[in-house]
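A look at the structure
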Amino acid sequence: MGRGKIEIKRIENSTNRQVTYSKRRGGIMKKAKEITVLCDAQVSLVIFSSTGKMSEYCSPSTELVKILDRYHKNAGVQKLWDAKHEHLSNELERIKKENDSMQIKLRHLKGEDINSLQPKELIPVEEALENGLACVRSRQMQYLKRLKKNERSLEEDNRRLSYILQHQQQLAMDVNVREMEHGYHQREREYHPQMPFAFRVQPIQPNLHQNK
């Protein structure tokens, strides 16, 4: 008996659905490659799974974009991306022109490629350089002012620290002097009680031998 026909409907079981997708995707990719080789055909195949993963195949002799262009020409339909891409292309061209113009102006400000400029064209270059120089000098002045302000602040801090140090040194010297005076008086009080007898000067006795 031959195999019965499989009813074509959505597979509810997610695991079975994924297995079937992988098998059939491989099969259709294989068929696309075979028809490319056997029949010298240009084939482009794009598949998106239910999870959004893309698989693609394109004949080695062509590109996907070229095949899509041929499709649009033969089908007589407007390109899906024409309007959007035309706007992006125009915007890109505009940005490119602005960038080229800015590069030229930058070279002129550096003193490059100015031999071809007319006197009227040199005027805005000169003005731009003067404005730039004025901005640089203004910035330098701001920096110098801030530097002087920091210098004054450091000097004030140094004077304050010097005063505090001198004050602490003076306090330490006063404490040492008081301690020395206290020690001296203490030793003096301890020394006097050790002298119970006072010295008395005796008169000199006459020489007895002289009397004889």
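These remarks concern the structure in this document. Quick caveat: nothing in here was measured; it's all calculated off a predicted structure.

Assigned secondary structure in the protein chain consists of five helices and two strands. For the protein chain, the proportion of its 212 residues judged to be buried stands at 8%.

This part takes up the pattern of salt bridges. Within this structure, the stated rule accounts for five salt bridges. Here Glu-12 and Arg-10 are joined by a salt bridge, their closest N and O atoms 3.1 Å apart. Considered together, Glu-12 and Arg-10 belong to a single accessibility category, that of exposed residues. Close ionic contact of Glu-91 with Arg-94 constitutes a salt bridge, the shortest N to O distance being 2.4 Å. Of the two residues, Glu-91 and Arg-94 are both situated in helix H3 (residues 82–109); the distance of three residues between them amounts to about one turn of the helix. Three or more residues are tied together by salt bridges with common partners; here these are Glu-91, Arg-94 and Glu-98.

Counting residues in each nonpolar core, the largest one holds six residues, listed as Met-29, Ala-32, Val-43, Leu-45, Ile-47 and Tyr-57. For this core, the elements supplying multiple residues, two or more each, are helix H1 (14–39) and strand E1 (44–48). With near-sequence residues (within four places) excluded, Met-29 lies in contact with Leu-45, Ile-47, Ser-55, Glu-56 and Tyr-57.

What counts, and at which threshold
- Residues numbered from 1 in each chain as written.
- Predicted model: local features only at pLDDT ≥ 70, side-chain atom pairs only at ≥ 80, totals over all residues.
- Heavy atoms only, no water.
- Helix = DSSP H or I, 4+ residues; strand = E, 2+ residues; numbered from the N terminus.
- Buried < 20%, exposed > 50% of the residue type's maximum accessible area, 1.4 Å probe, protein only.
- Salt bridge = Lys/Arg side-chain N within 4 Å of Asp/Glu carboxyl O.
- Core = buried A, V, L, I, M, F, W, Y, C linked by side-chain atoms within 4.5 Å.
- Contact = heavy atoms within 4.5 Å.

That is the geometry; function is a separate question.
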